[in-house]
Amino acid sequence: MQRRSFLQSAGALALLGTAGCATTSIPSKARVVVIGGGYGGATAAKYVRLLSDHKIDVVLIEPNDAFVSCPLSNLVLGGSKQLADLTTPYTGLARNHGVTLVKDWARSIDPSRKTVTLAGGASIGYDKLVVSPGVELQMDSIEGLRAAHASGRVLQAWHAGAETVALRRQLEQMPDGGVYAITIPEQPFRCPPGPYERACQVAWYFKNAKPRSKVLVLDANPDVVSKAALFKRVWAEQYRGIVEYRPQHKTLAVNPATGIIGFEVQEDVKANVINALPAMRAGTIAVQAGLNNLANNRWCGVDFLTFESTAARDVHVLGDSIQIAPGMPKSGHMANNHGKVAAAAIVAQLSGWPVNPQPFLTNTCYSYVDDRNVVHVASVHEYVAAERTYKTVAGSGGLSPGPNEQEGLYAMSWARNIWADALQ
C-alpha cells in the first residue's frame with residue numbers, strides 16, 4: 001500500500017473502532033447532506049466518503065466557491081498576510097473524493113421528511129444530515145450596532161472574508177494618534193483567544209506604521225478568557241503604551257457618528273475605529289430548524305458520542321453552534337475533530353455497526369503576537385461514557401512558555417495540514 005492509502009486506512013479504523021473493519025455492508029445508495037463548508041462541515045463531508053470507501057453519497061451545501069480560514073485571518077489586519085493566503089477552493093473535495101458541491105444557501109430543514117430546501121427553491125433528501133453553520137452574531141444585543149454595521153462604519157470581521165479586508169482599510173485610513181477599540185462579549189463566543197490576538201496584530205501594525213495610536217481592549221468578561229498570562233505579558237513587554245486592557249466593560253451601545261461606545265456601568269469611550277463583537281449564538285439555519293435547544297436557545301444540544309442533535313433524529317450538529325463540553329473551546333481545530341467523530345458515527349450507523357464507544361478529541365490553537373512570534377494552547381479530550389460528555393485529559397497540552405518564532409513555523413504548518421485534511 002502507498003503511504004497515503006495506509007494512513008487513510010489506519011485513520012479510518014481508529015475513528016470507526018475495531019467493529020468497523022469490513023466494508024461490504026456499507027449501503028451504496030445512502031446520502032449524507034452537509035450544510036456548511038467550514039472546518040467542521042468540510043471535514044465531515046470528506047471523512048464520510050473516506051470511511052465508507054466512497055460508497056455513501058455526500059452533498060455539501062455551501063454558498064461560497066472557496067473556504068476562507070478564520071484562524072490566521074487576524075494577520076490580514078496586521079498586514080503580514082493577504083486573504084488569498086488563507087483561501088482554499090472546495091474543488092478538491094469533488095475531485096479527490098466525489099463530494100457533490102451545491103453552491104447555495106440552505107433555507108430550511110424538515111427533519112420529519114428528511115429534506116433540506118435551498119434558497120434557490122430545490123429540495124434535497126437525506127438519510128443523515130450534518131449541520132455546521134458556525135455562529136450568528138446577535139447584532140441587536142448592542143444598541144445601534146445593526147444600523148452601524150449596515151452603513152459599513154462598524155465592522156466585526158468575525159467571518160473571514162471581505163469584511164476582514166474592509167476593517168484593515170479602516171485601520172490604514174485612521175490617523176496616527178487615533179484609537180482602535182475592540183469590544184468583546186461575554187463568553188462563550190467563537191475563538192476565545194481571537195479578540196486578544198487581534199489586539200496584538202493591530203498593535204503590531206500601529207507600532208510599525210502609526211506609533212502614536214492606541215488599541216483599547218474592552219472586555220465584558222472579568223479577565224482575558226484564553227492565554228491570559230501570555231497575552232498580558234506581550235502587551236506589557238512589546239506593546240506598552242499602545243495596548244490598554246479594560247475588563248468588565250460590557251458594551252450596550254455604539255454610535256459611529258460620534259465614535260462613542262456606551263457600557264453597562266463604566267463611562268463612555270470614544271474611538272476612531274470601532275470593532276464591536278456582539279453576543280453570539282448557533283448559526284441561523286440551526287436556529288430556524290429549532291436545533292438551538294440549550295442555554296436560553298443560544299446553542300444546540302448534541303449526543304457527544306455521535307454529535308447527533310438532541311432535538312432532531314438523524315441530524316448531527318458540529319462546531320461552534322453546539323453547547324460545548326467542559327473545557328471544550330469553539331475553535332477551528334475542535335470543529336475539525338467534531339467532523340471526524342461525527343463522520344465515523346454516521347458511517348457506522350448507516351452500516352449497522354456499533355459506534356466507537358470511546359472517541360477522543362484534540363485541540364491546538366495558535367495566536368500570533370506579531371508577524372512571526374506565536375503562543376499556543378493545546379488539550380486532549382476523552383469521551384466519558386458514565387457522564388456522556390467529554391473531559392479534558394489531565395496533564396494533556398497546556399500553554400506554551402512564551403512567544404517565539406519556532407511556534408510561528410509550527411502555526412503555519414498546522415494551518416497547511418488542517419486545510420489539506422479538511423479540503424483536499
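An account of the accompanying structure is given in this report.

## Looking at the overall build of the protein chain
And step 1. Assigned secondary structure in the protein chain consists of 11 helices and 25 strands.
And step 2. Rg of the C-alpha trace for the protein chain: 22 Å, near the compact-globule value of 22 Å for 424 residues, within the 12% margin.
And step 3. In terms of overall dimensions, the protein chain has C-alpha extents of about 70 × 45 × 40 Å along its principal axes.
And step 4. Taken over 424 residues, the protein chain has a buried fraction of 55%.
And step 5. By sequence separation, contacts in the protein chain at least 24 residues apart represent 68% of the contacts at least 6 residues apart.
And step 6. Accessible surface, the protein chain: about 17500 Å² in total, of which carbon and sulfur atoms supply 50%.
And step 7. Each charge class in the protein chain was averaged separately, 40 positive and 34 negative side chains, and the resulting centres sit 4 Å apart.

## Overview of unusual backbone geometry
And step 1. Here the amide bond leading from Gln187 into Pro188 is cis, since omega sits at 10°, within 30 degrees of zero.
And step 2. Checked against the element boundaries, Pro188 lands in the loop between strand 11 (179-184) and helix 7 (194-209).
And step 3. Positive phi is not limited to glycine here, since His54 has a value of about 65°.
And step 4. Mapped onto the secondary structure, His54 falls in the loop between helix 2 (39-51) and strand 2 (57-61).
And step 5. Positive phi, close to 55°, is recorded for Gln248, a residue that is not glycine.

## Comments concerning helix 11 (residues 405-423)
And step 1. For helix 11, built from 19 residues, the straight-helix expectation of 27 Å at 1.5 Å per residue is met to within 8% by its first-to-last C-alpha distance of 27 Å.
And step 2. Turning to helix 11, its buried residues are Glu407, Gly408, Ala411, Met412, Trp414, Ala415, Ile418, Trp419, Asp421, Ala422 and Leu423.

## Re the packing of aromatic side chains
And step 1. For the structure shown, the criterion picks out 11 aromatic pairs.
And step 2. Considering the side-chain rings of Phe231 and Trp235, the 6.1 Å spacing of their centres and the 25° angle between planes classify their relative orientation as stacked. One end of the pair, Phe231, and the other, Trp235, are both in helix 8 (residues 228-237), four residues apart, so they sit about a helical turn from each other. The burial state of Phe231 is the same as that of Trp235; both residues are buried.
And step 3. Where Tyr383 meets Tyr390, the ring centres are 5.6 Å apart and the plane angle is 70°; that geometry is what we call edge-to-face.
And step 4. Look at Tyr383 and you get buried, because its relative accessible area is 7%.
And step 5. Taken together, the ring pairs in this structure connect Tyr196, Phe231, Trp235 and Tyr245 into an aromatic cluster.
And step 6. A cation over an aromatic ring shows up here: Arg168 above the ring of Tyr205, its NZ or CZ 4.1 Å from the ring centre.
And step 7. A cation over a ring is seen here: Lys330 above Trp299, with NZ or CZ 3.7 Å from the ring centre.

## A few points about the packing of helix 6 (residues 162-173) against helix 7
And step 1. The geometry of helix 6 relative to helix 7 is characterised by a closest axis approach of 11 Å and an angle of 40° between their N-to-C directions. For the crossing formed where helix 6 meets helix 7, the hand is right-handed. Where helix 6 abuts helix 7, its residues Leu167, Arg168, Leu171 and Glu172 lie against Arg198, Val202, Tyr205 and Phe206.

## Digging into the pairing of strand 12 (residues 214-219)
And step 1. Most of strand 12 is tucked away, with five of its six residues classed as buried.
And step 2. Two elements, strand 11 and strand 12, share six bridges in a ladder whose sense is parallel. Its bridge partner being in strand 12, Thr183 is matched across the sheet by Leu218.
And step 3. Assessed by its sense of winding, the connection that carries the chain from strand 11 through helix 7 to strand 12 is right-handed.
And step 4. This β-α-β element, strand 12 to helix 8 to strand 13 (residues 243-246), shows right-handed connectivity.

## A word on the environment of Tyr126
And step 1. Of note, Tyr126 is situated in the loop between strand 8 (123-125) and strand 9 (128-131).
And step 2. A C-alpha to C-alpha distance of 5.9 Å links Tyr126 and Val33, two positions 93 residues apart in sequence.
And step 3. Excluding residues that lie within four positions of it along the chain, Tyr126 makes contacts with Arg31, Val33, Ile109, Asp110, Pro111, Lys114, Thr115, Val116, Asp314 and Val315.

## Looking at the side chain of Ser367
And step 1. Locating Ser367 in the fold gives a position in strand 22 (residues 360-368).
And step 2. At 2.6 Å, the side chain of Ser367 and the side chain of Lys227 are in polar contact.
And step 3. Discounting chain neighbours no more than four positions away, the residues touching Ser367 are Pro193, Glu197, Lys227, Phe231, Asn373, Val374 and Val375.

## So, the nonpolar core
And step 1. In terms of nonpolar packing, the biggest core is built from 132 residues, with Ile61, Val116, Val215, Trp235 and Phe307 touching the most fellow members.
And step 2. In terms of residue count, helix 10 (residues 332-351) provides more of this core than any other element does, nine residues in total.
And step 3. Val116 has contacts with Val33, Ile35, Ile61, Ala106, Ser108, Ile109, Ala122, Ser123, Ile124, Tyr126 and Leu129, leaving out every residue within four places of it along the chain.

## Focus: the state of the cysteines
And step 1. Here the structure, examined in full by the defined rule, presents zero disulfides.
And step 2. Between Cys191, a free cysteine, and Cys365, which holds the nearest cysteine sulfur, the sulfur-to-sulfur gap is 5.0 Å.
And step 3. Judged by its relative accessible area of 23%, Cys191 is partly exposed.
And step 4. Left without a disulfide partner, Cys200 is nearest to the cysteine sulfur of Cys365, which lies 12 Å away.
And step 5. We classify Cys200 as buried; its relative accessible area is 0%.

## Some thoughts on the sheet that holds strand 6 (residues 106-110)
And step 1. The strand order across the open sheet formed by three strands is 6-7-8, and the pairing between neighbours is antiparallel. Among the strands making up the open sheet, the edge pair consists of strand 6 and strand 8. Neighbour to neighbour, the strand axes of the sheet diverge by 20° on average, direction disregarded.
And step 2. Both strand 7 (residues 115-118) and strand 8 contribute to a ladder of three bridges, which runs antiparallel. Its bridge partner being in strand 8, Thr117 is matched across the sheet by Ser123.

## Examining the sheet that holds strand 11
And step 1. Strand order across the open sheet formed by four strands is 13-12-11-17, with parallel pairing between neighbours. Looking along the sheet, the strands with just one partner apiece sit at the ends: strand 13 and strand 17 (273-276). Mean inter-strand twist for the sheet, computed between neighbouring axes without regard to direction, equals 15°.

## Details of the environment of Leu230
And step 1. Assignment of secondary structure puts Leu230 in helix 8.
And step 2. For Leu230, a relative accessible area of 5% gives the class buried.

Conventions adopted
Residues numbered from 1 in each chain as written. Predicted model: local features only at pLDDT ≥ 70, side-chain atom pairs only at ≥ 80, totals over all residues. Heavy atoms only, no water. Helix = DSSP H or I, 4+ residues; strand = E, 2+ residues; numbered from the N terminus. Rg over C-alpha atoms; globule rule 2.2 N^0.38 Å. Buried < 20%, exposed > 50% of the residue type's maximum accessible area, 1.4 Å probe, protein only. Contact = heavy atoms within 4.5 Å. Areas by Shrake-Rupley, 256 points an atom, 1.4 Å probe, with all protein chains shown as cover. Lys, Arg positive; Asp, Glu negative; His and termini not counted. Charge placed at Lys NZ, Arg CZ, Asp CG, Glu CD. Expected span 1.5 Å × (residues − 1). Phe/Tyr/Trp six-rings, centres within 6.5 Å; stacked < 30°, edge-to-face > 60°. Lys NZ or Arg CZ within 6 Å of the ring centre and 35° of its normal. Axes fitted to C-alpha atoms, helices over the stretch in contact; angles between N-to-C directions. Left-handed = near helix turned anticlockwise from the far one by under 90°. Pairing = 2+ DSSP bridges. Right-handed = clockwise from strand over helix to strand, strands pointing away. Polar contact = N/O pair within 3.5 Å; in protein donor to acceptor, adjacent residues only side chain to side chain. Core = buried A, V, L, I, M, F, W, Y, C linked by side-chain atoms within 4.5 Å. Disulfide = S-S within 2.5 Å.

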